[in-house]
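Listed here are the chains, written in short residue letters.
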Amino acid sequence: MKVFLLPLFMFIFFVTQSVAAELIPQTFWLGSLYYIPHWTLIFAILIITFYDREHSYVGLLNGLAFAFLTDLVYTNLLGVYFLAYGLALYMVHVLKRYLHKNFLVVLLFSILGLAAAEVLIYSLYFIIGQVDLSFNAYIFNRLIPTLLINILFLLIIYPIFIKKLVKWKYELEK
Amino acid sequence: MPSFLRKRKLIVFLVGIILVVSLIGYSLRSDSGESLPAQFAIDTVGFFQNILHTPLNYFVEIFDSVGDIKSVYEQNQVLKEELQDYKTLAYQVSELETENEELRAMAEVDSTLTDYETLNAAVVARSPERWFQQVTINRGKQHGVEANMAVRTAEGMVGKVINASQLTSTVQLLSGFGTEHQVSAIVDGDDSIFGLVEGYDSDTEKLVFRELTGEDELEEGQAVVTSGLGGVFPRGILIGEVSSIELDSYGLTKVAYVEPAANLQDISQVMVVDRDLHSTVIDEEEEEE
């Protein structure tokens, strides 16, 4: 049962982020600033830090599955999110061995993972020719708002999920 | 043993990279709709988006209407005045329509590029990936939506259907148009100015209108509408208004920047436009099915 719970939450966040993108009008209070919800990535990072053990890859696999779904449903190009999320989540997976598990570390992981994934997605699209925004404009109009909005999301879901994830982890070990 | 593990990881990593790159290459090439499993995945996600969208939208609308109440009185005054003119206008339009039909019957023209039927749809989700500027609507092949149909709101054109699944479809908004999605356009009231709307300048948030003929007669403030010559779009859907005219980067031809008539950021209800006079492409597809 627990095996299906995490993908279920991932799916809920996956659907919510697109509906949220439609219902929150962009220009209303942000001007030309854009934010991109990466809620599945944030949740995958939470799973990796608090649920995964040294050699289990639940968070990474979930993240990859939903990255592929993002590619399929929301973009015309398969593989870009897959690669970016994969590399970012693997980086978190390696880093977590060296650090304690507390809120500040999750915050650090989220910022690092988000920035890595976002910049990778931007550069891949730039190489392909999908976007023609200059890097400076990208940093200020897209990357910084994206980081802020996703960290806000982390602040909301962190207290809700953190105890449950740790509990599930120990139930699994028994 | 550790060295073997590391080697294995390296191999997985390299194979993964190669797979991903070939996947990107594959999807760059193929533009002929989505496969059946992809359609299934898109429909499934669309189903849940629809479930989530309906109550949330209701909630958002309550908030919006509270804000609207403030301006209702002033709007009411203005609208009452406009209503007087409207009655005369409606009468004139119906007169002209009957006259038009009679003249067409005399000239034995059945349907022209201007005729189309619309299909109402609600926008249920937007691609959170803002590079692509796509939205999902809750109507699909079952309701008669086909790829390449134009999509408009009451204000003007917003984009076109790039992918129709069974129950939902994906709409590419004008703000994500590149050279691969060109719209053949004319200036309203002056058929001699003809060109292609291709691409969107994300810095100025204007559409780029180029390949112009008769560019010297183009003026700022003129309305740009679809020409109907592109194949599937009907004639006369408003795209936007010319906001500035500049020389292109070579200094040889002129490029006009067009301010989109429809608000591309906040779209909730759209109409899918089905032209009565089908192009050969769509007819062939229907015969195949």
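Per an unreviewed UniProt entry, the recorded name for chain B is Cell shape-determining protein MreC, and the organism is Alkalibacillus haloalkaliphilus. Its UniProt record, at the heading Function (unreviewed entry), says of chain B: "Involved in formation and maintenance of cell shape."

As its UniProt record puts it under Sequence similarities (unreviewed entry), chain A is described as follows: "Belongs to the MreD family." The annotation that UniProt attaches to chain A under Subcellular location (unreviewed entry) is "Cell membrane".

(A) A look at the pairing of strand 5 (residues 169-173) of chain B. Residues and elements named next belong to chain B. Along strand 5, five of the five residues are buried, which leaves the element largely enclosed by surrounding structure. What you see with strand 5 is no split at all: S169, V171 and L173 on one side and T170 and Q172 on the other are buried throughout. In terms of strand pairing, strand 2 (residues 134-137) meets strand 5 through four bridges, oriented antiparallel. Looking at the pairing, I137 lines up with S169 of strand 5. Pairing analysis gives five bridges linking strand 4 (residues 157-164) to strand 5, with the strands arranged antiparallel. Following the sheet pairing, K160 is matched in strand 5 by Q172. Taken together, strand 4 and the strand that follows it, strand 5, pair antiparallel across an intervening segment of four residues.

(B) Structural context of the UniProt feature "transmembrane region" (unreviewed entry) in chain A. Following the UniProt record, the feature "transmembrane region" (unreviewed entry) maps to residues 30-50, 80-96, 103-127 and 139-161 of chain A here. Between the end C-alpha atoms of residues 139-161 of chain A the distance is 31 Å, and the span holds 100% helix and 0% strand.

Rules and cut-offs
- Residues numbered from 1 in each chain as written.
- Chains lettered and ligands numbered in written order.
- Predicted model: local features only at pLDDT ≥ 70, side-chain atom pairs only at ≥ 80, totals over all residues.
- Heavy atoms only, no water.
- UniProt positions renumbered as here; feature names shortened; annotations may be inferred.
- Buried < 20%, exposed > 50% of the residue type's maximum accessible area, 1.4 Å probe, protein only.
- Helix = DSSP H or I, 4+ residues; strand = E, 2+ residues; numbered from the N terminus.
- Pairing = 2+ DSSP bridges.

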